[in-house]
Amino acid sequence: MSYSKENVESIVNNGISRRSFLKGLAASGVLSSFPGGILQANEDLNTKIPYLGEKSYQTFRNACPRNCYDTCSIKTYVKDGVMQFIEGATESTYTHGGCCVKGNSYVKRVYSARRLKFPMMQVGGKGSGNWKRISWDQAMDIIAKKLLEMKKEDGTLLGAALTKYSGNFGITHYGIEGMFNSIGYTTRLAGTPCWPAGIDAQNLDMGDMWCNDPEEMKDSKFIILWGVNPASNSIHSMKYIYEAKKKGAKVVVIDPVFTEAASKASQYIQIKAGTDGLLALGMAKIIIEAGLHDQKWLDANSKGYKEYKAYLDKEVKLDNVSKITGIPLAMIKELALSFAKAKPATIWMGYGMQRHTNGGSMIRAIDAFVAVSGNIGKYAGGARYGHLNTWGFNYAALSQTKPEGSVGYTGPEGAKGDVAQGKDAKSNYTDRFLNINKTARELINAKEPKVRLLWVACKNVFAQDFDRNQLIRAFQQLDLVVVADQFFNETAKWADIVLPVATQFEEYDVNVSYWHYWLTLNEQAIKPLFEVKSDLEIAAMLSKRMNQLQTGSCTFPQSVDTKAMMAKEFNPGIYEQFGIKSWEELKNGPVKAKAVIPYADGKFKTPSGKFEFYSDKALELFGSALPTYLEVRKPYDKFRMTSPHSRWSLHSQFQNLEWMEDVHPEPYVYINPDDAEAKMVKEGDTVAVFNKQGLLRVKAKLTDNVQAGTVLMYEQWYNNNIYNVNELVDDTSSDMGAFKTGAPGVALHDTFVNFRKL
């Protein structure tokens, strides 16, 4: 590819007018995809920023690798070595030619003046802000010598810890875990803060987490969006919901908050947070008593229905269901009976619902309701949560051997995470696993050996993890903190060394979704800017330096080609699933997996091979074999605080860009007008929101979209604002998660606060 240093420097130094960008979006209709703006789906959505014709550009295939349902397939337009614009790939019927507002900001993200450009070292101590530029050789030398020093002193590298999560879900980025595998047995922050309780629940019920193709929803006759807000966080799914609604389907949103999706639904039902499981149990009882359950399906495909029905008969009182959920009984009955009569009918469960102390039990209760209605294993039906059934790659970059003679952990076999390596059949050792959802206390409390080095990748710990004050103490006690990132976020500010990482447009990779069924190649579209490196290249550089210092101390390849590493991820199973013969075919555009309807053959991956209302594993692990009602966490302060994802960001990504600052410049706390009046707070007032964990100062917005007794603040990271909602969130666990992800989830929506006007 051609490369014009002058052009790149011009864009980096001068940028592109944000007003022009927004004007262009408005002209193209992209602003209509802004959730919360004009919410009507636009089938002609396209990003036609001034276009000079196909032949004027080199085009490349890319994917959005962020932690998002949509995982958009992207077409990138490059001229003279500089990205000019992107658009959604038209070959994917899911992406359908359009990106969300975040995706459309990618050009600015790549060329942002705020990107990390060079390796840096903090010389005045963590948090001092005294940084100096260092070379890659210096950075690798410092890290390699520290690792070898620890290995010599401790006799093991268990003092080296890795925390990595969802900042980039590209398959080759599992090479970061591979880098740690290649230096010996180490410590891993295992688990997931996102969806673990729900994963456990679906695995207990069905033996897998496997959802129907979202594109089928266009043919559903009844859709319940239960605690999910796709109009904000999965905008490409909305066109199927709109189409179903247009054809006569009823769309119901059940949520404690009146969301953008609720504004587009046939019916909105506001439920008291944490009572969703009881509602599902009540709805199941109603359709069974009405004789609308699918007895034939239950007889053939389920285990424990008799015990489940007995529990409903004895323990679930419909008057109590109405009282506790806050929903009129007549409305509950009408909802349950309408759903049962519609075929096919489906429920999409969001991830926020399981972020309660009773989150897993609520997902189990909803799974059971869908099963009773006979909509499991049906086209356009299903209890939808997510899936990993298109993720069958080789994980070649991850699969590195330990150096000979490595010494590891000998305690009880711990958590594994999604793909972490456990005990080698030929070894008596494992890596040591700490709970990622209690990162601060786990780092502080780890002994024999204590954690001395922490590597942070694809993650902004201070924005995503909990108990910020304890995190500071944990970071301060570490000998060396290395943060590999694209931006100078708060976690980087508490590092000793920061390493600049490439964007997806500067490396090869491959991406699939945990929601839809498309596979997308990610080509290198431009040369890496400044001195940025891919995570694979960083691993290779570290391996080279460690082996220079001590031969055989690291098994990771000492030089890599990201294209070659990407190619190693494919196998015959992937080719068969997606109907291609070579990954090279993906240069023509994304491809979709062959159609399949989960559990249509009646085969479940549970011990019984059936849908399990009664689960022996659930009884063993969580004390209840059946999906029962479990009360949510008791309040410890006056107001419940929810902290959902913002439409303007993905966790701590995107909101830090100048583009987003133009349209969403600062955070707010959203307060019900009745609560505001009682506290004499008016629109725009600055208030202190506080609890036993901490305090935030933030402007108030008054809205009855949130219930009285509840405040809402989004999880976001601003470039020039110390706002961090996790300042107020403790690390109390949800009920499930450890079964399949290695650690229970976090009940972050069971946070309670108070507030007052400043």
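This text follows the structure it describes.
Heads up: these notes are all about the structure in this document. (Residues numbered from 1 in each chain as written. Predicted model: local features only at pLDDT ≥ 70, side-chain atom pairs only at ≥ 80, totals over all residues. Heavy atoms only, no water.)

Below, the discussion takes up the packing of aromatic side chains. Per the stated rule, a full pass over the model turns up 46 aromatic pairs. Pairing Y69 with W348 gives two aromatic rings, centres 5.3 Å apart and planes at 90 degrees, and the pair type is edge-to-face. Here W348 lies in strand β12 (residues 345–349) and Y69 lies in the loop between β1 (58–63) and β2 (73–79), a separation of 279 residues in the sequence. With a centroid separation of 6.1 Å and an interplanar angle of 90 degrees, the aromatic rings of F169 and W391 are classed as edge-to-face. Taken as a pair, F169 in the loop between β6 (160–164) and α5 (175–183) and W391 in the loop between β13 (383–384) and β14 (432–435) lie far apart in primary sequence, 222 residues in all. Each member of the pair, F169 as well as W391, carries the same accessibility label: buried. Among the aromatic residues, ring-to-ring pairing joins Y69, Y165, F169, W195, W348, Y351, Y385, W391, Y514 and W515 into one connected group. Lying over the aromatic face of F118, R133 brings its terminal NZ or CZ to 3.5 Å of the ring centre. Note that K679 overlies the ring of F755, its terminal NZ or CZ placed 5.6 Å from the centroid. (Phe/Tyr/Trp six-rings, centres within 6.5 Å; stacked < 30°, edge-to-face > 60°. Helix = DSSP H or I, 4+ residues; strand = E, 2+ residues; numbered from the N terminus. Buried < 20%, exposed > 50% of the residue type's maximum accessible area, 1.4 Å probe, protein only. Lys NZ or Arg CZ within 6 Å of the ring centre and 35° of its normal.)

Okay, the pattern of salt bridges next. Charged atoms that come close allow side chains of opposite charge to pair. With the rule as written, the count across this model stands at 42 salt bridges. With its nearest N and O atoms 3.1 Å apart, the salt bridge here joins K402 to D431. With K402 in the loop between β13 and β14 and D431 in the loop between β13 and β14, this residue pair connects regions lying 29 residues apart in the sequence. Among the charged side chains, a network of salt bridges with common partners joins K146, E149, E153, D154, R452 and D479. (Salt bridge = Lys/Arg side-chain N within 4 Å of Asp/Glu carboxyl O.)

Taken in spatial order, the five strands make up an open sheet running β10-β9-β8-β12-β13, and their pairing is parallel. Both edges of this open sheet fall to β10 (267–270) and β13, since each of them pairs with a single strand only. In terms of strand pairing, strand β8 (residues 222–226) meets β12 through five bridges, oriented parallel. Residue F222 lies in a different strand from β12, and its bridge partner there is A345. Sitting on the sheet, helix α8 (residues 238–246) is in contact with β8, β9 (250–255) and β12, with an inclination near 140 degrees to β8. (Pairing = 2+ DSSP bridges. Contact = heavy atoms within 4.5 Å. Axes fitted to C-alpha atoms, helices over the stretch in contact; angles between N-to-C directions.)

Contact geometry for helix α10 (residues 276–289) and helix α14 (residues 329–341): axes closest at 9 Å, N-to-C directions at 65 degrees. Where α10 crosses over α14, the two elements pack in a sense that is right-handed. Taking contact as the criterion, the partners of L279, M283, I286 and I287 in α10 are, on α14, I332, K333, L335, A336, L337 and A340. For the contact of α10 with α14, the class distribution of residues is nine nonpolar, no polar and one charged. (Left-handed = near helix turned anticlockwise from the far one by under 90°. Nonpolar A, V, L, I, M, F, W, Y, C, P; charged D, E, K, R; others polar.)

Here K459 shows up in the loop between β15 (453–457) and α17 (461–464). Within the structure, K459 has its side chain in polar contact with the side chain of T163 (distance 3.1 Å). Contact partners of K459, with chain neighbours within four places excluded, come to T163, K164, Y165, I436, T439, Q464, D465 and D485. (Polar contact = N/O pair within 3.5 Å; in protein donor to acceptor, adjacent residues only side chain to side chain.)

Next up on the list: the nonpolar core. In this structure, I224, W226, Y308, L519 and F570 are the most contacted members of the largest nonpolar core, which totals 112 residues. Two domains each provide a minimum of three residues to this core, namely domain 2 (121–193 + 394–511 + 526–579) and domain 3 (211–385 + 597–622). Excluding anything up to four places from it in sequence, Y308 contacts L281, A284, A368, F369, V372, F613, L626 and P627. Core analysis: the next-biggest nonpolar cluster, separate from the first, contains 36 residues, M121, L453, I497 and L499 among them. (Core = buried A, V, L, I, M, F, W, Y, C linked by side-chain atoms within 4.5 Å. Domains from an automatic or database assignment.)

Before going further, it helps to spend a moment on unusual backbone geometry. Put simply, K343 and P344 share a cis peptide bond, and its omega is 0 degrees. Of note, P344 is situated in the loop between α14 and β12. The peptide bond linking E448 to P449 adopts the cis configuration, its omega dihedral lying at -5 degrees. Along the chain, the position of P449 falls in the loop between α16 (439–445) and β15. Residue M680 is not a glycine yet carries a positive backbone phi of 55 degrees. Following the sequence through the fold, M680 ends up in the loop between α25 (673–678) and β24 (686–690).

Here we take up helix α6 (residues 196–206). Judged by how many residues are buried, α6 sits mostly within the fold: 11 of 11 residues are covered. Along α6, the residues that are buried comprise P196, A197, G198, I199, D200, A201, Q202, N203, L204, D205 and M206. Looking at the buried side of α6, the elements it contacts are β12, α15 (359–372), β13, β21 (611–612), α23 (616–622) and α26 (738–741). Immediately beyond the C-terminal end of α6, within one or two residues, lies G207, with a positive phi of roughly 80 degrees.

This next bit is on helix α20 (residues 535–549). The α-helix winds at 3.6 residues per turn, so residues separated by three or four positions along the chain end up facing the same way. If you check α20, its first and last C-alpha atoms are 21 Å apart, about what 15 residues at 1.5 Å a residue would give, namely 21 Å. Those residues of α20 lying buried are D535, L536, I538, A539, A540, L542, S543, M546 and N547. Against α4 (136–154), α5, β15, β16 (480–485), β17 (497–500) and α21 (562–567) lie the buried residues of α20. (Expected span 1.5 Å × (residues − 1).)

Next up on the list: the pairing of β6. Taking burial as the measure, the five residues of β6 include five buried ones, the bulk of the element. Of the two faces of β6, both are covered, the one formed by A160, L162 and K164 as well as the one formed by A161 and T163. In this structure, β6 lies alongside β15, joined through five bridges in parallel fashion. By the bridge assignment for β15, T163 is matched with V456. The sheet contact formed by β6 and strand β7 (residues 187–190) spans two bridges and is parallel. Bridge pairing in β7 places L162 opposite R188. Running through α5, the crossover from β6 to the neighbouring parallel element β7 is right-handed. (Right-handed = clockwise from strand over helix to strand, strands pointing away.)

Helix packing geometry: the angle between the two helix axes and the distance between the axes. Two elements in contact, α5 and α20, have axes separated by 9 Å at closest approach and are oriented at 15 degrees. Taken together, the axis directions place α5 and α20 in an arrangement best described as roughly parallel. The hand of the α5/α20 crossing is right-handed. Between α5, through G175, I176, M179 and I183, and α20, the contact on the second element is made entirely by D535, L536, A539, L542 and M546. When its residues are assigned to classes, the contact of α5 with α20 shows seven nonpolar, one polar and one charged. (Parallel < 35°, antiparallel > 145°, perpendicular 65-115°, else oblique.)

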